[in-house]
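# Survey of secondary and tertiary structure
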Amino acid sequence: NYIVVYNTPGRNDISLLIDNKKQALSYKSNGFIPHNSKSVLILSDNYLINEEHIHKMSIDILIISNDKTFSIDNINKYFTYNTIIFDSSLPQYIKDRWAKECEVQNIVFHDVSHKGAYFIKI
């Protein structure tokens, strides 16, 4: 059983996969996706990242969706994470730019458009 970030071109598609059946997953467009042992955060709006945030938040998986104004450097000011996921709602040229930034900074990333769906075991 998994939470899956699917490669559905042009839109955000995060669902549950239970016994090989896709099921709806309820989550906010900016917030945590429920998981029993991992912290999984989806960011869809850049406005959540602001200068008032003082402490870095540590999470396991960060999913970036919809908003192409994010920058990897700015995200790194506010979050530490094990893996960053670029979903298919984002333009490819943006994901390609972020992928290069991640490679330079040795950040583990997954672009669902190039690598396929991302599975998070539950």
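Our structure is the block above this text.
Reading the values: rules and limits
- Residues numbered from 1 in each chain as written.
- Predicted model: local features only at pLDDT ≥ 70, side-chain atom pairs only at ≥ 80, totals over all residues.
- Heavy atoms only, no water.
- Buried < 20%, exposed > 50% of the residue type's maximum accessible area, 1.4 Å probe, protein only.
- Helix = DSSP H or I, 4+ residues; strand = E, 2+ residues; numbered from the N terminus.
- Pairing = 2+ DSSP bridges.
- Expected span 1.5 Å × (residues − 1).
- Arc of directions from axis to C-beta.
- Contact = heavy atoms within 4.5 Å.
- Salt bridge = Lys/Arg side-chain N within 4 Å of Asp/Glu carboxyl O.

Moving on, we get to the pairing of strand S11 (residues 118-121). Only one face of S11 is buried: it carries Tyr118 and Ile120, and the other face, with Phe119 and Lys121, is open. As defined by bridge partners, strand S1 (residues 2-5) adjoins S11 across four bridges and the pair is classed as antiparallel. Paired with Tyr2 across the two strands is Lys121, which belongs to S11.

Between its first and last C-alpha atoms helix H2 (residues 92-104) spans 18 Å; for 13 residues at 1.5 Å apiece the expected length is 18 Å, and the two agree. Considered for burial, the residues of H2 that qualify are Ile94, Lys95, Trp98, Ala99 and Cys102. Within H2, the buried residues cover an arc of 135 degrees as seen down the axis, which keeps them to one side. Turned more than 90 degrees away from the buried face of H2, the exposed residues are Tyr93, Lys100, Glu103 and Val104. Those residues of H2 that are buried lie in contact with strand S7 (61-64), helix H1 (72-78), strand S9 (83-86), strand S10 (109-111) and helix H3 (112-115). Two residues or fewer after H2 comes Asn106, characterised by a positive phi angle close to 55 degrees.

We now examine the pattern of salt bridges. Inspection of every chain in the model, using the stated rule, returns four salt bridges. For Asp13, the salt bridge goes to Lys22, with nearest N and O atoms at 2.9 Å. In this structure Lys22 comes out as partly exposed when scored by relative accessible area, which is 47%. We note a salt bridge from Glu101 to Arg97, for which the minimum N-O separation is 3.8 Å. Here Glu101 and its partner Arg97 are both found in helix H2, four residues apart, which amounts to about one turn of the helix.

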